[in-house]
Amino acid sequence: MQIDPTSLIIVNVANLLVMATALPFVMGQGLSPAASHARHSLLLNAAAWICLLASSLWYGQTPDLILSTLAMAFICASQWMVYRALENWLGPRPLRGLLRLLVWIMPVGYVLSFSSYPVRVGWANLVLAAQLLIVARACLYPTSRNFGRRAWRYPLFGCLAVMAGFTAARGILGAWFTELYPFFRAPTPVNIAALIGANMSLVLGTIAMLGAWREEAERQLHKLASTDTLTGLLNRHGWTMQTRHPLRQAQRHGHPLSLLMLDVDHFKRINDTHGHEVGDAALQLIGQLLQRCQRGGDVSARVGGEEFCVLLPYTDAAAAQAFDARLRTELATHASAAGLPCTLDFSSGHAQYRPSGETLESLMARADAALYRAKNSGRSRLVLYENTIT
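Definitions and cut-offs
Residues numbered from 1 in each chain as written. Predicted model: local features only at pLDDT ≥ 70, side-chain atom pairs only at ≥ 80, totals over all residues. Heavy atoms only, no water. Helix = DSSP H or I, 4+ residues; strand = E, 2+ residues; numbered from the N terminus. Rg over C-alpha atoms; globule rule 2.2 N^0.38 Å. Buried < 20%, exposed > 50% of the residue type's maximum accessible area, 1.4 Å probe, protein only. Contact = heavy atoms within 4.5 Å. Areas by Shrake-Rupley, 256 points an atom, 1.4 Å probe, with all protein chains shown as cover. Lys, Arg positive; Asp, Glu negative; His and termini not counted. Charge placed at Lys NZ, Arg CZ, Asp CG, Glu CD. Phe/Tyr/Trp six-rings, centres within 6.5 Å; stacked < 30°, edge-to-face > 60°. Lys NZ or Arg CZ within 6 Å of the ring centre and 35° of its normal. Core = buried A, V, L, I, M, F, W, Y, C linked by side-chain atoms within 4.5 Å. Salt bridge = Lys/Arg side-chain N within 4 Å of Asp/Glu carboxyl O. Pairing = 2+ DSSP bridges. Axes fitted to C-alpha atoms, helices over the stretch in contact; angles between N-to-C directions. Parallel < 35°, antiparallel > 145°, perpendicular 65-115°, else oblique. Nonpolar A, V, L, I, M, F, W, Y, C, P; charged D, E, K, R; others polar. Patch = residues over 30% accessible without salt bridge, like charges linked within 9 Å, V, L, I, M, F, W, Y side chains within 5 Å. pLDDT = per-residue confidence, 0-100.

### Looking at the overall build of the protein
Stage number 1. Helices and strands together make up the secondary structure of the protein, namely 14 helices and five strands.
Stage number 2. A compact globule built from 390 residues would reach a C-alpha radius of gyration of about 21 Å, whereas the protein, at 30 Å, exceeds it by more than 25%.
Stage number 3. Here the C-alpha coordinates of the protein stretch approximately 95 × 45 × 35 Å along the principal axes.
Stage number 4. For the protein, buried positions account for 49% of its 390 residues.
Stage number 5. Partitioning the contacts of the protein with sequence separation of at least 6, the portion at a separation of at least 24 is 72%.
Stage number 6. Here the protein has roughly 18800 Å² of accessible surface; of this, 61% comes from carbon and sulfur atoms.
Stage number 7. Averaged over its 33 positive side-chain charges, the protein has a centre that lies 6 Å from the centre of its 24 negative ones.

As structure tokens, then:
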């Protein structure tokens, strides 16, 4: 059976267009930035192949130069879109600046070398192979984000690495063995294998990206289940999950750990006098300031209507008092700037972790007892649990 390169290209374009069109229906209309980049990469890839097919109708003429240069620009932009999708899914990736440079200079070099077939084919394919290797490397680069198993990275890496190999081979043949690759639709073994590989990589790569999108969706659902939508802090469920590790570490290594429980003073009066919108704005402000004041590793949450908790690893009572004072200073500074028509302050209770038999519930109960003492002692103050014992 004879395989026609033109037919393989047409099938590849059809697959690219169908998959790019189907993605919004599979993923939903509100695509995330990463999923949008993935879809755009398919559309740009399809546009590149369409331009290449059309350019062959005017071989060696001005329309050939324009269309084939557009094809190079589109295929480079396609690789950039895949890289951007990986950044959204996995965090910052290596060699970003180099990839951006290659994306820009490849079409420029193609135009400048257009009059020489060996130079332009060697340049375009070898630079594109370098881009593919950078994107493939980005699939495997370590990430500190907790983003599931990320098994989808490996088939995507394989697709990109295989296509980089085929693309480099076409560049070498076109530049130094032109008779083996005299034009881009030449029915040579390497070109046929590359086009078959492109179709197979398209299918496998799209499946890999669907796997990435699924993990992204699961991560978003987990975040929604663990986050208080008003303040952006953890909710009680998220608080329970996120405090397990620092509590275990404190128990295992014996380092100090503090818990602060905060309650907004006269919150019901704020709601009754100024309305719930002002009350919500007050809670949002405290949530923002807690995130501003906390360190990496600290855990803060809204655990009730106007109640907040902060877990402070490696923190003794004196350091917890300093955190409380810093939060009060920030609140005094920003409450008026936020345009709140009321005085905003809070009462707080502190409890220090006890290595023997301490649980999150018992730690919170002691902090709550200290908070109760603070409210009964005139509010707008911090009380240490140890100081409540008589």
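### Here we look at the packing of aromatic side chains
Stage number 1. Summed over the entire model, instances satisfying the criterion amount to three aromatic pairs.
Stage number 2. For the ring pair Trp89 and Trp152, a centre distance of 5.5 Å and an interplane angle of 65° mean the geometry is edge-to-face. A residue pair is termed long-range when its members are at least 10 positions apart, and Trp89 in helix α3 (residues 62-90) and Trp152 in the loop between α5 (117-140) and α6 (153-176) qualify at 63 residues. The pair formed by Trp89 and Trp152 is uniform in burial state, with each residue classed as buried.
Stage number 3. In this structure, Arg120 packs its charged tip against the face of Phe114, placed 4.4 Å from the ring centre.
Stage number 4. The ring of Tyr385 carries Arg366 above its face, with NZ or CZ at 5.2 Å from the centroid.

### Examining the nonpolar core
Stage number 1. Grouped together as the largest cluster of nonpolar side chains are 59 residues, with contacts concentrated most on Leu86, Trp89, Met106, Trp152 and Leu156.
Stage number 2. At the level of secondary structure, the elements contributing two or more residues to this core comprise α1 (5-27), α2 (33-55), α3, α4 (96-112), α5, α6 and α7 (189-226).
Stage number 3. Leaving out residues up to four positions away in the same chain, Leu86 has contacts with Gly91, Arg93, Val135, Ala138, Cys139, Trp152 and Leu156.
Stage number 4. Residues Val264, Cys293, Ala335 and Leu344 belong to the second largest nonpolar core, which totals 26 residues.

### Points about the pattern of salt bridges
A pair can form between side chains of opposite charge whenever their charged atoms are brought close.
Stage number 1. Summed over all chains, the structure comprises ten salt bridges.
Stage number 2. Arg84 is the partner of Glu87 in a salt bridge, and the nearest nitrogen-oxygen pair spans 3.5 Å. Of the two residues, Glu87 and Arg84 are both situated in helix α3; the distance of three residues between them amounts to about one turn of the helix.
Stage number 3. Residue class for Glu87 comes out buried when judged on its relative accessible area of 14%.
Stage number 4. For the salt bridge of Arg295 with Asp298, the shortest nitrogen-to-oxygen distance reads 2.8 Å.

### Brief notes about the sheet that holds strand β4 (residues 346-352)
Stage number 1. On the basis of which strands lie adjacent, the open sheet formed by five strands has the order β2-β3-β1-β4-β5 and mixed pairing. Strands with a single pairing partner mark the edges of an open sheet, and in this sheet they are β2 (299-302) and β5 (382-384). Along the sheet, successive strands turn relative to each other by an average axial angle of 15°, direction set aside.
Stage number 2. The pairing of β2 with strand β3 (residues 307-313) spans four bridges and is antiparallel. Along β3, the bridge assignment pairs Val299 with Leu311.
Stage number 3. Contacts from helix α13 (residues 360-376) reach β1 (257-264), β3, β4 and β5 within the one sheet, and its direction differs from that of β4 by about 140°.

### Details of unusual backbone geometry
Peptide bonds are, in most cases, trans, and in most cases residues other than glycine have a negative phi.
Stage number 1. For Leu95, which is not glycine, the phi torsion reads 60° and is therefore positive.
Stage number 2. Assignment of secondary structure puts Leu95 in the loop between α3 and α4.
Stage number 3. A positive phi angle, close to 55°, is found at Ser380, a residue other than glycine.
Stage number 4. Residue position: Ser380 is located in the loop between α13 and β5.

### Examining the environment of Arg244
Stage number 1. Tracing the backbone shows Arg244 in helix α9 (residues 244-253).
Stage number 2. Note: C-alpha distance between Arg244 and Thr359 (115 residues apart in sequence) is 9.5 Å.

### Considering the packing of α1 against α7
Stage number 1. With their axes 9 Å apart at the nearest point, α1 and α7 run at an angle of 5° to one another. The angle between α1 and α7 falls in the class roughly parallel. Residue-level inspection shows Pro5, Leu8, Ile9, Val11, Asn12, Asn15, Leu16, Met19, Leu23, Val26 and Met27 of α1 in contact with α7, the latter providing Ile192, Leu195, Ile196, Ala198, Asn199, Leu202, Val203, Thr206, Leu210 and Trp213.
Stage number 2. Here the contact of α1 with α7 is built from residues that sort into 17 nonpolar, four polar and no charged.

### A closer look at a nonpolar patch on the surface
Stage number 1. Residues Leu95, Leu98, Leu101, Trp104, Ile105 and Trp123 make up a contiguous nonpolar surface patch of roughly 590 Å² in combined accessible area.
Stage number 2. Ranked by residue count, the leading element in the nonpolar patch is α4, at four residues.
Stage number 3. Along the chain, Trp104 falls in helix α4.
Stage number 4. Assessed through its relative accessible area of 64%, Trp104 is described here as exposed.

### Structural notes on the pairing of β2
Stage number 1. The alternating pattern of β2 places Val299 and Ala301 and Ser300 and Arg302 on opposite faces, both of which are buried.
Stage number 2. As consecutive antiparallel partners, β2 and β3 are separated by four residues.

### Quick notes on the confidence of the model for the protein
Stage number 1. For the protein, the average pLDDT comes to 88, and 96% of its residues sit at 70 or higher.
Stage number 2. Mean pLDDT in the protein bottoms out at helix α14 (residues 385-388), which sits at 73, and peaks at α4, which reaches 96.

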